[in-house]
Amino acid sequence: MAIAFRAAANSSGSTTTSHAVTLPSGHASGDVCIIHCSWNGSPGTVTPPSGFDVVPGSTDSWGTPTNPKQTTIFKVLDGSEGSTVTVTTGNSISWGGVAACYTGCDPTTPFGTESLNGSATSSTNAVASSVTVGDANSWLVGGAGANSSTNTYTPPGGFTERGDVGSGKSCCLADTNGVVGATGPSGNQTFTISASRAWNAWLVELIPGSSLITVTDSQSVSYTVKQSATDSQAASYAVASPVTDSLVATYTVRTAVTDDQPASYTVRGQVPDSQAL
């Protein structure tokens, strides 16, 4: 299943402990919703909305820099969400945030490796450290924050910015808007800040879900023979498109079939992707 961007929304607020985050318009059950919050200093204990959890490795409420701090959380939406959710902090603090929703993600393990980087030394470059991509069909999603309420951001090359908050506490969120295309190191990704400030930046692999379709009884499925098979020689085929169930079906070739000659078979049950037929 291919990942797709659905929508994003910006939010911000003045000094408070209760932070209402606007969810993207049209969000739906099954979407992976990522919320990136940037805090004007230490937020204290951060309590995500019900059902949300921390994106592994991408949340910083301590260490360098002391300002800004960030929290990045997510949820696989179940349809019970309204137009906003509330993030609570132990300290009263101003903030900015971006929420983005994606379809086609793995609902069980939507994230691969992740990184978080930051510096108290002012710079116009917020550098998200490289992550190791495990699936070439994954996307990269990342964000940055700076010690300012008015900065704007330019995303890394090849990324599309989804949100840019210039009030409360500035931050942004961006993604590759397409598959990475290769496994291995992603390389560092640099967000450019409009003015030199202390900063932090994060990056994570967003993993696609399985593409499942159901092949029903007596539905015709076509296969192409990739090797010569003679009369009465058993030949196995791999399903080119993912399908459900775990029934193993074996067919016997009754006539000579040559390489790359199309051969049609009728499925009498349901089989999984790459299951031998």
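Heads up: the structure comes first, above all this text.
So, here's what we can say about the structure. Every chain's residues receive numbers from 1 upward, in the order its sequence appears when written. Residue-level local features of this predicted model are given only where pLDDT is at least 70; pairs of side-chain atoms are given and counted only at 80 or more, and the full residue set underlies all totals for whole chains, interfaces and linings. Hydrogen atoms and water are omitted, and side-chain values are computed over all heavy atoms in the structure.

**Describing the overall build of the chain**
Logical step 1: When helices and strands are counted, the chain shows zero helices and 18 strands.
Logical step 2: By residue count, 45% of the 277 residues in the chain fall in the buried class.
Logical step 3: Note on areas: Shrake-Rupley with a 1.4 Å probe; residue coverage comes only from the protein chains shown. Total accessible area computed for the chain in this model is approximately 11,700 Å², and 47% of it derives from carbon and sulfur atoms. Helix and strand assignments come from DSSP, with helices taken as H or I runs of at least 4 residues and strands as E runs of at least 2, each series counted from the N terminus. For each residue, the accessible area found with a 1.4 Å probe, counting protein chains only, is set against the maximum for its type, and the residue is called buried under 20%, exposed over 50%, and partly exposed in between.

**What about the side chain of Lys 169?**
Logical step 1: When you line up the elements, Lys 169 lands in the loop between β11 (160-165) and β12 (171-175).
Logical step 2: Judged by its relative accessible area of 2%, Lys 169 falls in the buried class.
Logical step 3: Within the structure, Lys 169 has its side chain in polar contact with the side chain of Asn 40 (distance 2.8 Å).
Logical step 4: Every residue in contact with Lys 169, bar those within four places of it in the chain, is listed here: Ser 38, Trp 39, Asn 40, Asn 67, Pro 68, Ser 94, Trp 95, Gly 96, Ala 146, Asn 147, Ser 148 and Ser 149. Within 3.5 Å is the distance limit for a polar contact, defined as a pair of N or O atoms, with the added protein rule that one can donate a hydrogen and the other accept it, and that residues adjacent in sequence qualify only through two side-chain atoms. By the convention used here, residues are in contact when the closest approach between their heavy atoms is within 4.5 Å.

**Notes on the packing of aromatic side chains**
Logical step 1: The aromatic pairing rule takes the rings of Phe, Tyr and Trp, using the six-membered ring of Trp, and pairs them if the centres are within 6.5 Å, calling planes under 30 degrees apart stacked, those over 60 edge-to-face and the rest tilted. As enumerated under the stated definition, the model contains four aromatic pairs in all.
Logical step 2: Ring geometry for Trp 39 versus Trp 95: centroids 6.4 Å apart, planes at 40°, classification tilted. Here Trp 95 lies in strand β6 (residues 84-103) and Trp 39 lies in strand β2 (residues 32-39), a separation of 56 residues in the sequence.
Logical step 3: By relative accessible area, which is 0% here, Trp 39 ends up buried.
Logical step 4: Judged by centre distance (4.8 Å) and plane angle (80°), the ring pair of Phe 74 and Phe 111 falls under edge-to-face. With a gap of 37 residues between them, Phe 74 in strand β5 (residues 69-76) and Phe 111 in strand β7 (residues 111-128) connect regions that are remote in the sequence. Both residues of the pair, Phe 74 and Phe 111, belong to the buried class.
Logical step 5: Taken together, the ring pairs connect Phe 5, Tyr 102 and Trp 139 into an aromatic cluster.

Read these as spatial facts, not as claims about activity.
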